[in-house]
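Remarks on the overall topology
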Amino acid sequence: MSREEHDIVLELLPAYALDALDEEEKGRVERHLRVCPRCQAELRLLKETAHLLAYTVPLYDPPFHLRERIRLLVATGRPSHDVSPRGGLKGVVRTAVWARPTPLTALVLILSLITLGLFSWNIHLKGELASLRDETVDAHELGEVMLEYVESPDNYELHPIQATDASFPAHGIILSDRLRRRMILLAKGLPRLENDEAAYMVWIQDERGHAIPIRAFHCDEQGRAVLLFTLPKEPQDIVEIGVSIAQGNPPMTPVRPVLDGKLR
Amino acid sequence: MPTRDVQTLSDQELLQRVAQGDEDALVALYDRYGRLVYSLAYKILQDHQLAEEVTQDVFTNVWRAAASFDPKKSRFTTWLTSIARNRAIDLLRRRRARGLTGGRETELNTAITRADERLSPEHHLQALAVREALEQLPPAQREVLELAYFGGLTQREIAEHLGIPLGTVKTRVRLGMLKLKELLSPHGPPGNGRSGQKETNALEEQSKVRKKGV
Ligand SMILES: [Zn+2]
C-alpha cells in the first residue's frame, strides 16, 4: 500500500463512515481498507460516532403488536415448535364454508368499497383505547396503492373475505400487492364491539398453520374500515386471513371471529 | 438452562442467547432497543408503516445474524443502529427513485405516542451526550452530517441540495465527523497512537482559523 493512498483514504473515511461517498470513492476506500489495519481501526471509531446520531431522534413507541409479531416470526422460523395461539388461525377465526363469489360480485364489491374508501380513508377513527395508535389511515399511501392497482392490476390479487357468522352482514375484500409485502383490507358491516371488547384484530395464517397478529383497528359508526398494512411474510406464504374481535390492553386476546378469507 | 431473568443480562449475553435460538432474549433486546430502531426508521422515512417494516426486518435480521456478530469488531448498538439506518435509507432511496417523498410528519405526530419521557437512564445519558456534542459543532457542519445520516444524501447530493461547492461539503463532513468523534470519545482511539490524534488536532486548528476568517 502506498503512503499517499493511505492519506487520501484517511481523508475520505469520515464521509465513508456516514455513507456519503459516491460509488467510485467508496470502491477506492474499500480496496484500501482490505489491506490497512490502521484505516480499519479508524473506521470503526468513525462508524461508532456516526451511528450515535441515531440517539438524537425524537422517540416514538412502535405499535404494540410488533413485539408479539416479531416473537412469532422468529419462533415460526424454526420447525417442530408450535407457538401459535391456540394452534393456528382456527383458534381465532372460525373457518366458515362459503361459496366463492364470482369475479363480477367481487368487482361490484370492490367498486362499492373503493367509493366508500374514498370517503372514509382519511377519517381518523376514534378509539376508546389510548394505546391503540394505528388508527390514522394514511391517505397518501392508500391513494398511491389504489392508483398503482388501477394502472397495473396484474401486480395485485383480489380476495373476498366473508363473515364467519350469518348473524351480521360483514363482508370485505383484500387487495394484495404481489411485489411488496402489503395489503389493503376494506370491510363493512362489522359487528359492534361489546363492553369488554377492545378492538378488531387482523390475523394471518402461514403455510405451517401459525397465526400471526398483524394489527388492531377500529371501525367507523357504520361498521366500515379501510386498512393498509405491512405483512411480516411474503404474500405467497400467507394461506388465510381473518379478523377477530379482541380483548385486553393491548388487545391481543381474541374473543370471537368476524371475517375470514382464504388466500390460497 | 439457568433461569436468570433476561432483563438483567447484558446486551452481549442476550445476543449469545439469541444465537442459540432463545426468543425471550430477542424480545428482551427488542424491549431495550425496539423504540430506538423504530424511531430512527421513522425519522428517516416519515412513515409509520415503513418504520414498522424496517423494525421487523432489523430484529429478524438480528435473530439470523446473531451468531456472526463479533463484539471485537463493533459495539452491539452500533451494529444494530447501522442495520436499521441502512435498511431505512435503502427504502428511502428506492422511494425517491420512484418519485415518492415523505413529509407526513405533522399528520402523524398526533397519532403517535411521544416516548421521550420514558427513556432508560443509559439511553437518556447517551442521547444527552450526543446532543451536547452536536451543539458544539458549527451549525453548517451539523447540517451536512444530518443530511447524510438521516437524509441518505451523498456529499455531491448535499452540495446540490444546499447550492454550495462540493469541496465545502467535503470539508464540513470531515471536520464535523472528526470533531464529533473527539467529543464523544475523550480518550481518543485506543492503540491508534498519536498520529490520528495529531491529524484531528491539525484539522481543528484549520477549522478555528477558518471560523475566525468568516
Ligand atoms: Zn490506511
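Residues numbered from 1 in each chain as written. Chains lettered and ligands numbered in written order. Predicted model: local features only at pLDDT ≥ 70, side-chain atom pairs only at ≥ 80, totals over all residues. Heavy atoms only, no water.

**Examining the overall build of chain A**
- Secondary structure assignment for chain A yields six helices and eight strands.
- Along the chain direction, N to C, the helices and strands of chain A fall in the order α-α-α-α-α-α-β-β-β-β-β-β-β-β.
- When burial is assessed residue by residue, chain A has 59% of its 264 residues classed as buried.
- Here the contacts in chain A between residues at least 6 apart in sequence split such that 64% fall between residues at least 24 apart.
- Entry remark: accessible area of chain A is about 11500 Å², with carbon and sulfur atoms responsible for 54%. (Helix = DSSP H or I, 4+ residues; strand = E, 2+ residues; numbered from the N terminus. Buried < 20%, exposed > 50% of the residue type's maximum accessible area, 1.4 Å probe, protein only. Contact = heavy atoms within 4.5 Å. Areas by Shrake-Rupley, 256 points an atom, 1.4 Å probe, with all protein chains shown as cover.)

**Overview of the interface of chain B and chain A**
- Listed by partner, the interface residues are 81 residues for chain B and 62 residues for chain A.
- For the chain B and chain A pair, buried surface summed over both sides reaches about 6900 Å², with 56% attributable to carbon and sulfur atoms.
- Taken together, the links from chain B to chain A amount to 13 salt bridges.
- Note that arginine 174 of chain B and glutamate 11 of chain A form a salt bridge whose closest N and O atoms lie 3.8 Å from each other.
- At the boundary of chain B and chain A, one finds 17 residue pairs in polar contact (both at pLDDT 80 or more).
- Among the elements that make up the side of chain B that touches chain A, the one with the highest residue count is helix α2 (residues 23-45) of chain B (15 residues).
- Across the side of chain B that touches chain A, the residue classes tally to 32 nonpolar, 21 polar and 28 charged. (Buried area = accessible area lost by both parts, 1.4 Å probe. Salt bridge = Lys/Arg side-chain N within 4 Å of Asp/Glu carboxyl O. Polar contact = N/O pair within 3.5 Å; in protein donor to acceptor, adjacent residues only side chain to side chain. Nonpolar A, V, L, I, M, F, W, Y, C, P; charged D, E, K, R; others polar.)

**Some remarks on the packing of helix α6 (residues 121-135) of chain B against helix α9 (residues 166-184) of chain B**
Residue and element names in this part refer to chain B.
- Running from N to C, α6 and α9 point in directions that differ by 135 degrees, and their axes come no closer than 10 Å. When the interaxial angle is binned, α6 and α9 end up oblique. Here α6 and α9 pass one another in a crossing that is right-handed. Side by side, α6 and α9 meet where Ala129, Val130, Ala133 and Leu134 of the first sit next to Leu180, Leu183 and Leu184 of the second.
- Here the contact of α6 with α9 is composed, by residue class, of seven nonpolar, no polar and no charged. (Axes fitted to C-alpha atoms, helices over the stretch in contact; angles between N-to-C directions. Parallel < 35°, antiparallel > 145°, perpendicular 65-115°, else oblique. Left-handed = near helix turned anticlockwise from the far one by under 90°.)

**Quick notes on the confidence of the model for chain A**
Residues and elements named next belong to chain A.
- Of all residues in chain A, 75% attain a pLDDT of 70 or more, and the chain-wide mean is 76.
- The lowest-confidence element of chain A is helix α5 (residues 103-120), averaging 51 in pLDDT; the highest-confidence one is helix α2 (residues 23-33), averaging 96.
- In this model, residues 79-88 is a region of pLDDT below 50 whose contacts with residues beyond four sequence positions or in other chains number 23 contacts.
- Low pLDDT, under 50, characterises residues 116-136; the stretch is placed with 57 contacts to residues that sit more than four places away or in other chains. (pLDDT = per-residue confidence, 0-100.)

**A word on the packing of aromatic side chains**
Residue and element names in this part refer to chain B.
- Evaluated as defined, the whole model comprises nine aromatic pairs over all chains.
- Arranged with centres 5.2 Å apart and planes meeting at 70 degrees, the rings of tyrosine 30 and phenylalanine 59 form a pair that is edge-to-face. Here tyrosine 30, found in helix α2, pairs with phenylalanine 59, found in helix α3 (residues 48-65); they are 29 residues apart in sequence, far enough to count as distant. Accessibility assignment for this pair places tyrosine 30 and phenylalanine 59 in one class, buried.
- Between lysine 43 and the ring centre of phenylalanine 150, over which it is positioned, the NZ or CZ distance is 5.1 Å. (Phe/Tyr/Trp six-rings, centres within 6.5 Å; stacked < 30°, edge-to-face > 60°. Lys NZ or Arg CZ within 6 Å of the ring centre and 35° of its normal.)

**So, the sheet that holds strand β4 (residues 199-206) of chain A**
- Strand order across the open sheet formed by eight strands is β5-β4-β7-β8-β1-β2-β3-β6 (chain A), with antiparallel pairing between neighbours. Either end of the sheet is taken by a strand with one partner, and the two such strands are β5 (211-217) and β6 (225-230) of chain A. Adjacent strand axes in the sheet meet at a mean angle of 25 degrees when their direction is disregarded.
- As paired strands, strand β7 (residues 238-247) of chain A and strand β8 (residues 253-262) of chain A are joined by eight bridges and run antiparallel to one another. By the bridge assignment for β8 of chain A, serine 244 of chain A is matched with proline 257 of chain A.
- Lying on the sheet, helix α4 (residues 65-76) of chain A is in contact with β4, β5 and β6 of chain A; it crosses β5 of chain A at an angle near 165 degrees.
- Its contacts with the sheet place α3 of chain B against β5 and β6 of chain A, and it is angled at close to 35 degrees to β6 of chain A. (Pairing = 2+ DSSP bridges.)

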